[in-house]
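Coordinate inspection notes
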Amino acid sequence: MFYREPKYYSEFHCTGPECTNNCCYGWCIDWSKEEIDKVKNAEKISPELKTMVENSFVEMESAPKKNIVKFNEKNICPFQLENGLCKIQRELGAEYLSLTCTVYPRKSVATRDYIYRNVNMSCPEVSKILSNNEDAMRLLNVIAEPQNLILNAQDTEEELKETPELKYRSELLEFFYNLIADKSLSVENAIILGALAAQALTKLVKEKKADDIPDALIIIKRQLHNDAQIQKVDEIKPNYTAKFGIIDDLCINVCNFTMSKVLRDETGTPNIDYYALGEGNLNEMFSERQFWFRNITLNTLLEMSLPFYMKDRTIFENYAYFATVIGCYKLNAVAAAAVRNEVNIQTQGQTFHFVGDQKVFGVISLISRGLLQSNVEPKAVLRRLLDFSRLTPALAALLVK
C-alpha cells in the first residue's frame, strides 16, 4: 500500500498517563458489537471488567451496528484508570481495544494516488513533536503493508460524478501544502495567498470547468508568486477588532473556552499592548524553533484534507474554515504566552493545567477538539462567520494577520 505521510508520523506514540489532554474524555467513542463481544468473552477477563463492559455501552441511534461508550458523571470513559491508562488494555492487552481507540488520533484520507496519513492536532504530543523538529512535516512516500486504519474520507464513484473537483484531491492538497511550506513567505501571507487561490478555483468549478484545475494551478501559482502581489498581501495590517470579535465568538460558543480574556483590560476591551506582550513572549519562547507555527499549520491542512473537509461545500468555504482554525490557534497561543506562569483552563467539565510551552500546545489541542474533532457542524461555524462578514480572502486576512 502506498502512503504519503509527514516524517514524524512513524515517530509518534501515545504518552499515556503523561498526556495533558488525553483521549478518554468528552468524545463519542464508538465500538462495534463484535469488538464488545471480544472483550466480554476474553478468557482472562475479570468479573469486575466483564460487568463494566456489560453496563458501559449504548447503541447508536444513527448506526444500529455501533455502540458508544457511556461516560461517567465526570464526562470520562469509565475504563480509564486514575493513572490515565485503560483498564481493558492493562487487563487484556491492546489487541482488545476497539479500532477507534487503537487508531486515534491518527487519520487517513484516500485519494486516487495515495492514502495521506497524519496525527490530529487534538493530541498535545503532536504540537510538541512539530515544535521540536523542523523536518517533521516533510512529506514522504512510504510503501507499507496494509495496517489497521479508518479512512476518514474516501470518494465514491457517485460523489466523483456529482462533484468532479474531488478527482483532484491530491493535486489541490499538494498545491496548498507547498504554498504554505514555502519558507520565502510568512505563514500568514501564505494563508492569505491560498485564500486568493481558493477563490479563483471556486469560480472555475462554478463555471463547470473542474477538469481545468491541473492547468489552472500552474497559472495560479505563477500569479501568486508575483512580487507585487506578495507585497500587497504583506502590507495588510492586523485587525484586532476582528480577531477578538470573530475568534472569541467561535472559541467561547464552539470550543467552550477562550484564553483571550488575558489580553483584555479591566473593562473587557482588547488591549493591543497585552497582545504585543503575548506575541513577544511567544516569539521568545520559540526563538530557536521559528518553524513551529508553519509545521502546525501544515499538519492542520493535512488533518482537514484541504480543500475538501466538507465535500458539499466549495473549495473557498473549506479554505475559510481552515483559516478560521489557524486564526483561533494563533490568538489563543499568543494569549497563553502572555501568561508568564501556569495556565488553568476549564472546559467540558475538566480542568487542564499547563506550564511552559505546554501552555501553547495545550490550548491548540483544546481548540482542535472543539473545531475539528467534536460533534460541531462546520457549516454552522461558516454561518457564524457570515454573521460577521462575507466569506472572502479579506476575511481570511483578518483572521490570521
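Just so it is clear, the model here is predicted, and its values are computed rather than measured.

Turning our eyes to something else, we now look at the packing of aromatic side chains. For the coordinates displayed, the defined rule picks out 12 aromatic pairs. Note on Phe2 and Tyr114: the rings are 5.4 Å apart at their centroids and 70° apart in plane angle, and the pair reads as edge-to-face. Remark: Tyr114 occurs in the loop between strand 5 (106-110) and strand 6 (115-119) and Phe2 occurs in strand 1 (residues 2-6); sequence separation between them is 112 residues. Taking the relative accessible area as the measure of exposure, Phe2 reaches 37% and is therefore partly exposed. A connected cluster of aromatic rings, assembled from ring pairs, spans Phe175, Phe176, Tyr319 and Phe322. Looking at Arg4, its charged tip hangs above the ring of Tyr114, at a distance of 5.6 Å from the centre. The ring centre of Tyr3 lies 3.5 Å from the NZ or CZ of Arg117, which sits over that ring.

So, about helix 17 (residues 393-400). Across the eight residues that make up helix 17, a large majority, six, are buried. Of the residues making up helix 17, those classed as buried are Pro393, Leu395, Ala396, Ala397, Leu399 and Val400. Buried-residue contacts for helix 17 involve helix 8 (187-206), helix 11 (240-253), helix 14 (315-338) and helix 16 (378-388).

Considering all chains together, one arrives at 23 salt bridges under this definition. Across the salt bridge formed by Lys87 and Glu48, the nearest N and O atoms sit 3.5 Å from each other. Of the two residues, Lys87 sits in helix 3 (residues 87-92) while Glu48 sits in helix 2 (residues 47-55), which places them 39 residues apart along the sequence. For Lys87, a relative accessible area of 7% gives the class buried. In this structure, the salt-bridge partner of Glu207 is Lys209, at a minimum N-O distance of 3.7 Å. With relative accessibility at 38%, the residue Lys209 sits in the partly exposed group. It is possible to trace a salt-bridge network through shared partners that takes in Asp155, Glu159, Arg169 and Lys311.

The contact between helix 8 and helix 14 brings their axes to 8 Å, and the two run at 165°. Taken together, helix 8 and helix 14 sit at an angle that is classed as roughly antiparallel. The hand of the helix 8/helix 14 crossing is left-handed. Across the interface between the two elements, Glu188, Ala190, Ile191, Gly194, Ala195, Ala198, Gln199, Leu201, Thr202 and Val205 from helix 8 touch Ile315, Phe316, Tyr319, Phe322, Ala323, Ile326 and Lys330 from helix 14. Its residues placed into classes, the contact of helix 8 with helix 14 shows 12 nonpolar, three polar and two charged.

Core analysis: the biggest nonpolar cluster contains 107 residues, and Phe176 and Tyr329 have the highest contact counts within it. With 18 residues, the top contributor of residues to this core is helix 14. Not counting the four nearest positions on each side in its chain, Tyr329 is found in contact with Met121, Phe293, Ile296, Thr300, Ile364, Ile367, Ser368 and Leu372. Of all hydrophobic cores here, the second largest spans 20 residues; its members include Ile45, Leu49, Cys86 and Tyr96.

Moving on to the side chain of Gln80. For Gln80, the location among the structural elements is in the loop between strand 4 (66-69) and helix 3. Filtering out sequence-adjacent residues up to four positions away, Gln80 remains in contact with Asn22, Cys24 and Leu85.

How each quantity is defined
- Residues numbered from 1 in each chain as written.
- Predicted model: local features only at pLDDT ≥ 70, side-chain atom pairs only at ≥ 80, totals over all residues.
- Heavy atoms only, no water.
- Phe/Tyr/Trp six-rings, centres within 6.5 Å; stacked < 30°, edge-to-face > 60°.
- Helix = DSSP H or I, 4+ residues; strand = E, 2+ residues; numbered from the N terminus.
- Buried < 20%, exposed > 50% of the residue type's maximum accessible area, 1.4 Å probe, protein only.
- Lys NZ or Arg CZ within 6 Å of the ring centre and 35° of its normal.
- Contact = heavy atoms within 4.5 Å.
- Salt bridge = Lys/Arg side-chain N within 4 Å of Asp/Glu carboxyl O.
- Axes fitted to C-alpha atoms, helices over the stretch in contact; angles between N-to-C directions.
- Parallel < 35°, antiparallel > 145°, perpendicular 65-115°, else oblique.
- Left-handed = near helix turned anticlockwise from the far one by under 90°.
- Nonpolar A, V, L, I, M, F, W, Y, C, P; charged D, E, K, R; others polar.
- Core = buried A, V, L, I, M, F, W, Y, C linked by side-chain atoms within 4.5 Å.

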